[in-house]
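Report on the structure
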Amino acid sequence: MTTQQQSSSSAMPSSQGSPAPEMSAQPSPGPKVGPGELHHFAAAIIAVRPINQKIRRDLATQKLTQTQHQQLIQAYTRKVKTVLTKNHLSPVAYETLMKKAQTNPAFAQRVETVIKAHGG
């Protein structure tokens, strides 16, 4: 357990000594993600960011009734689903890839590289 925690921390600036432990420290790499799906996922992240920022702002700054709050969440959900559909991803696939990005540093780096290439 402690070796996984140590390998997931970014306290070490370089991995001169042993690149192999990074691979073995990953508990499960998750589903294999091809380049096309990776690009769709990165594009979806870029498109969802402003939607997330807006709902966070709206929820934090507006005094909403329970009904208004639910309507805002429903509108948010519709917008996100539209983005995912445009990017050929289901909500389940998006969530799975998001979890993989949060638990697999190598995959997260691949996603970040694609996002930067898209200008995100």
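If you tally the helices and strands in the protein, you get six helices and zero strands. In the protein, which comprises 120 residues, the share counted as buried stands at 22%. A sequence separation of at least 24 residues applies to 72% of the contacts in the protein between residues at least 6 apart. Looking at the protein as shown, the accessible area adds up to about 8,600 Å², and 56% of this sits on carbon and sulfur atoms.

On to the nonpolar core, then. Membership of the largest hydrophobic core comes to 19 residues, with the highest contact counts inside it found for Phe41, Leu89, Tyr94, Phe107 and Val111. Those elements giving two or more residues to this core turn out to be α3 (35–61), α4 (66–86), α5 (91–103) and α6 (105–117). With seven residues, the single largest contributor to this core is α3. Those residues in contact with Leu89 that lie beyond four places of it in its chain are Glu37, His40, Phe41, Ala44, Leu84, Tyr94 and Leu97.

All right, on to α3 then. The end-to-end C-alpha distance of α3, which contains 27 residues, comes to 39 Å, matching closely the 39 Å that a straight helix rising 1.5 Å per residue would cover. Its maximal kink placed at Val48, α3 deviates by approximately 30°, while the proline Pro50 follows within four residues. Buried within α3 are the following residues: Leu38, Phe41, Ala42, Ala44, Ile45, Val48, Ile51, Asn52, Ile55 and Asp58. Where the residues of α3 are buried, they touch α4, α5 and α6.

Let us now look at the packing of α3 against α5. It is at 11 Å that the axes of α3 and α5 come closest, and there the two elements cross at 90°. Classified by the angle their axes make, α3 and α5 are roughly perpendicular. Of the residues in α5, those in contact with Glu37, Phe41, Ala44, Ile45 and Val48 of α3 are Tyr94, Leu97, Met98 and Ala101.

Relative to the 18 Å expected for 13 residues at 1.5 Å per residue, α5 spans 18 Å between its end C-alpha atoms, a close match to the ideal helical length. If you check which residues of α5 are buried, you get Tyr94, Leu97, Lys100 and Ala101. Looking down the long axis of α5, one finds its buried residues gathered within 125° of arc, a one-sided arrangement. Seen from the open side of α5, the exposed residues pointing more than 90 degrees away from its buried face are Val92, Gln102 and Thr103. Check the buried side of α5 and you find it contacts α3, α4 and α6.

Definitions and cut-offs
Residues numbered from 1 in each chain as written. Predicted model: local features only at pLDDT ≥ 70, side-chain atom pairs only at ≥ 80, totals over all residues. Heavy atoms only, no water. Helix = DSSP H or I, 4+ residues; strand = E, 2+ residues; numbered from the N terminus. Buried < 20%, exposed > 50% of the residue type's maximum accessible area, 1.4 Å probe, protein only. Contact = heavy atoms within 4.5 Å. Areas by Shrake-Rupley, 256 points an atom, 1.4 Å probe, with all protein chains shown as cover. Core = buried A, V, L, I, M, F, W, Y, C linked by side-chain atoms within 4.5 Å. Expected span 1.5 Å × (residues − 1). Bend = angle between axes of the 7 residues up to and from the residue. Axes fitted to C-alpha atoms, helices over the stretch in contact; angles between N-to-C directions. Parallel < 35°, antiparallel > 145°, perpendicular 65-115°, else oblique. Arc of directions from axis to C-beta.

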